[in-house]
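# What the coordinates show
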Amino acid sequence: MSLMIEGGRRLSGDLTVQGAKNSVLPILAACILSGDVCVLQRCPHLEDVDTSIDILRHLGCAVRWNGPDLEVDSSTLTRWNIPDRLMHRMRSSVVFLGAILARCGQAELSYPGGCAIGARPVDLHLSALEKMGARFDLEDGYILGRCRKLNGAHIHFDFPTVGGTENLLMAAALADGETILENAAREPEVVDLARFLIACGARIEGHGTSVIRIQGVPRLGGCTYRIMPDRIEAGTLLAAAGITDGELLLTDCPFEELDAVIAKMRQMGMEIEPTADGVLARRSCALRGVDVTTQPFPGFPTDMQAQIMSLMCLSEGSGVISETIFENRFMHVQELVRMGADIRLSGHTAIIRGVQRLAGAPVMASDLRASASLVLAGLAAKGTTTVQRIYHLDRGYEHIENKLNAVGARIRREAE
Ligand code: UD1
C-alpha cells in the first residue's frame with residue numbers, strides 16, 4: 001500500500017493522541033505474568049498490537065476486543081515458544097522473553113535478528129537474565145532459555161536499554177527475592193510498564209529513575225489499566241502543525257514526557273502551550289534550524305529524529321542532527337533529498353540546510369519513524385508525494401491518514 005499526499009495544505013483542528021505503542025507492547029507481554037484477566041484501556045489499533053495478540057493467542061491466552069478495550073486472559077497459557085513467523089513481524093517481541101521465562105521456567109524465541117535501523121543485539125537482555133539464574137543456548141536461529149527459578153540479582157546495565165530494562169522488570173516481578181537494576185532506562189514507557197505491574201500486585205520502586213528495585217512476589221493477579229498516550233505520535237503531530245504552518249490542539253498529549261522535543265520545537269520558532277483543553281501548537285514566524293543530539297530519556301528521543309529533520313529541511317539557516325542511539329538511522333535522508341532537501345551526511349551526523357520549498361516525489365519508507373518523516377515532508381511539499389511501503393507506518397500510527405485528513409490534509413491510501 002502507499003499514501004498519496006497532496007501537499008501545501010494548512011492543518012487546523014483538534015486531534016486526540018493514541019495509546020502509546022512502546023508501552024502497550026511490553027504491557028501485552030506482561031499480561032502473561034498475571035495468570036488472570038487484564039483489561040487494557042486506550043489500547044491503540046496497530047499492526048504491532050495485532051502481532052502481539054497473535055503471539056499471545058499462540059501461547060494459549062484468550063484475547064478479545066471489548067469496544068476500545070483489549071482483554072487478555074493468560075490463565076490458559078500452555079506454550080512457551082514464539083515461532084519465527086511471528087518474531088519476524090516485530091523485532092520488539094523479544095520483550096516476551098522475560099515474561100515467558102518467569103511464568104514457564106523456559107522460553108524459546110527465534111532470534112530477533114537485525115532490522116533496518118541497526119543490528120539491535122539483545123546481549124544486555126541475556127546477560128542480565130543469566131545473572132538471575134537463566135541459561136541460554138542459541139540453536140538454529142532460536143534462543144532457548146531455561147531456569148529452575150529466577151532469583152533476585154544486582155544488575156548494572158552497560159547502557160540504559162529500554163527493552164532490556166522491561167524484560168528484567170518482568171522477570172524480577174515473579175523472582176525469588178530482590179532485584180536491583182542500575183543504569184536502568186528512564187523512558188516513560190518503562191514507567192508505564194512498572195505501573196501496570198504494580199496494578200497487578202508487583203512490588204516495584206524507583207521506576208523513572210536509573211535505579212529500580214523490585215521485590216519478587218509469588219504471584220500476580222489481573223487488573224484494568226489505561227495505557228499512557230503516545231509521546232512519539234504526539235510529537236509527530238506537533239511537527240505536522242509546524243511544517244504546514246498550521247494550528248493543532250492535541251488532547252491527551254503527554255506534555256511533560258515531550259519536554260526535550262517541545263524545547264527544540266520552541267527553539268525553532270513554534271509556539272507550543274498547554275491549555276485547559278490540551279496542548280496547542282502553531283507557529284508564528286519562519287522556522288529556524290537547530291542542533292539536535294539523540295539521547296536516552298530525558299534527552300531528545302531517537303524516535304523523533306526523522307520527524308524533526310523534515311521540519312528542519314524547511315527552516316531558515318542550518319542545523320546539525322547527531323544520532324547516538326542507532327547506527328543506521330538516516331535512511332530517510334536520501335528520500336528527503338529526492339524531495340529537494342539539502343542534507344549532507346557524515347557518519348552519525350546530518351547537516352541540514354533549510355530550503356524554500358520541497359517538491360512532491362515518489363519516496364520509499366524504510367522504517368516506522370522514517371515513514372512519518374516522509375509523510376510530514378509530503379504535507380508541506382508542492383505537488384503530490386507518494387509514500388510507498390507504508391506497512392511500517394501502520395505498525396505504529398493508528399489510521400494516520402484519517403487523522404490528518406480530519407484536520408485538513410488530503411491523503412489517499414492506494415494499493416501499490
Ligand atoms: C526501544 C523502542 C524504540 C526506541 C528505542 C530507543 C520499543 C518497542 N522500542 O527499542 O522505539 O527507538 O527504545 O529509545 O519500545 N543495545 C545493545 N544490546 C542490547 C540492547 C540494546 O547493544 O542487549 C543497543 C541497541 O543496539 C541500540 C541501543 O542499545 O543501539 C538502544 O537500544 P534499546 O534501548 O534496547 O532499544 P529498544 O528497546 O530495542
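Residues numbered from 1 in each chain as written. Predicted model: local features only at pLDDT ≥ 70, side-chain atom pairs only at ≥ 80, totals over all residues. Heavy atoms only, no water.

## Details of the overall build of the chain
A tally of regular secondary structure across the chain gives 14 helices and 24 strands. For a compact globule of 416 residues, the expected C-alpha radius of gyration is about 22 Å, and the chain comes in at 21 Å, within 12% of that figure. The dimensions of the chain, computed from C-alpha atoms along their principal axes, are 65 × 45 × 40 Å. In the chain, buried positions account for 56% of the 416 residues. Sequence separation of at least 24 residues holds for 72% of the intrachain contacts in the chain that already meet a minimum separation of 6. Put simply, the chain shows about 16,100 Å² of open surface, and 45% of that area lies on carbon and sulfur atoms. Between the averaged position of the 42 positive side-chain charges in the chain and that of its 50 negative side-chain charges there is a distance of 1 Å. (Helix = DSSP H or I, 4+ residues; strand = E, 2+ residues; numbered from the N terminus. Rg over C-alpha atoms; globule rule 2.2 N^0.38 Å. Buried < 20%, exposed > 50% of the residue type's maximum accessible area, 1.4 Å probe, protein only. Contact = heavy atoms within 4.5 Å. Areas by Shrake-Rupley, 256 points an atom, 1.4 Å probe, with all protein chains shown as cover. Lys, Arg positive; Asp, Glu negative; His and termini not counted. Charge placed at Lys NZ, Arg CZ, Asp CG, Glu CD.)

## Brief notes about the pattern of salt bridges
Tallying each qualifying case throughout the model produces 20 salt bridges. Through salt bridges with shared partners, one network takes in K21, D48 and R395. (Salt bridge = Lys/Arg side-chain N within 4 Å of Asp/Glu carboxyl O.)

## Some details on the site of the ligand
Around the ligand, the surrounding shell holds 18 residues, and the nearest of these are D123, L124, T161, D303 and I325. One nitrogen or oxygen atom from the main chain of P121 is found 3.3 Å from an oxygen atom belonging to the ligand. Here an oxygen atom of the ligand and a backbone polar atom of I325 are 2.6 Å apart. Protein contacts shield 85% of the accessible area of the ligand, which totals 740 Å² for the unbound molecule. Sorting the residues of the shell around the ligand by element identifies α5 (123-131) and α6 (162-173) as the ones contributing at least two each. Ranked by residue count, the leading element in the shell around the ligand is α5, at three residues. For the shell around the ligand, a count of residues per class yields seven nonpolar, six polar and five charged. (Near = heavy atom within 4 Å. Polar contact = N/O pair within 3.5 Å; in protein donor to acceptor, adjacent residues only side chain to side chain. Nonpolar A, V, L, I, M, F, W, Y, C, P; charged D, E, K, R; others polar.)

## What about the nonpolar core?
Counting residues in each nonpolar core, the largest one holds 74 residues, and the members touching the most others are F196 and L197. When sequence neighbours within four positions are dropped, the list of residues in contact with F196 reads I27, A30, C31, C38, L40, C223 and Y225. Of all hydrophobic cores here, the second largest spans 65 residues; its members include M304, L379, A381 and A409. (Core = buried A, V, L, I, M, F, W, Y, C linked by side-chain atoms within 4.5 Å.)

## Some remarks on the pairing of strand β9 (residues 142-146)
Of the strand pairs in this sheet, strand β7 (residues 106-110) and β9 are connected by five bridges, and their pairing is antiparallel. Note on β9: the bridge partner recorded for S110 is Y142. In this structure, strand β8 (residues 135-139) lies alongside β9, joined through five bridges in antiparallel fashion. Each residue of the ladder has a partner; that of L138, found in β9, is I143. In textbook terms, the turn of a hairpin is the stretch between consecutive antiparallel strands, and for β8 and β9 this stretch comprises two residues, one of which, D140, has a positive phi near 50 degrees. (Pairing = 2+ DSSP bridges.)

## Side note on the sheet that holds strand β2 (residues 12-16)
The four strands lie next to each other as β2-β15-β17-β16, forming an open sheet whose pairing is mixed. On the outer flanks of this sheet lie β2 and β16 (270-275), each paired with one strand and no other. Each strand of the sheet is rotated relative to its neighbour by a mean of 20 degrees, with strand direction disregarded. As paired strands, β16 and strand β17 (residues 278-283) are joined by six bridges and run antiparallel to one another. The residue of β17 that forms the bridge with M270 is R283. (Axes fitted to C-alpha atoms, helices over the stretch in contact; angles between N-to-C directions.)

## As for unusual backbone geometry
Following F297, the chain continues to P298 via a peptide bond in cis, the omega torsion being 10 degrees. Tracing the chain through its elements places P298 in the loop between β18 (292-293) and α10 (305-313). Although it is not a glycine, D140 adopts a positive phi angle of roughly 50 degrees. By relative accessible area, which is 77% here, D140 ends up exposed. In this structure, N183 is a non-glycine residue whose phi angle is positive, near 55 degrees. With respect to the helices and strands, N183 occurs in the loop between β11 (178-182) and α7 (188-199). What makes N183 partly exposed here is its relative accessible area of 26%.

## Remarks on the packing of aromatic side chains
How two aromatic rings sit relative to each other is set out by the distance from centre to centre and by the angle between their planes. Applying the stated rule across the entire model yields one aromatic pair. On the basis of an interplanar angle of 80 degrees and a centroid distance of 5.8 Å, the ring pair of F196 and Y225 is categorised as edge-to-face. Taken together, the positions of F196 in helix α7 and Y225 in strand β14 (residues 223-226) put the pair 29 residues apart, joining distant regions of the chain. (Phe/Tyr/Trp six-rings, centres within 6.5 Å; stacked < 30°, edge-to-face > 60°.)

## Description of the environment of A202
Along the chain, the position of A202 falls in the loop between α7 and β12 (203-205). With relative accessibility at 6%, the residue A202 sits in the buried group. For the pair A202 and L314, spaced 112 residues apart in sequence, the C-alpha separation works out to 48 Å. Sequence-distant contacts of A202, defined by excluding residues within four places in its chain, comprise A173, L197 and L220.

## Brief notes about the sheet that holds strand β19 (residues 318-322)
Taken in spatial order, the four strands line up as β18-β19-β21-β20 in an open sheet, and their pairing is mixed. Each of the sheet's edge strands pairs with one partner strand only, and the pair in question is β18 and β20 (342-346). Looking at chain direction, β19 and strand β21 (residues 349-353) are connected through five bridges and run antiparallel. Pairing of V320 across the sheet is with I351, part of β21. Packed onto the sheet, α10 meets β18, β19, β20 and β21 and runs at close to 170 degrees relative to β19.

No statement about biological role is implied by the geometric values presented.
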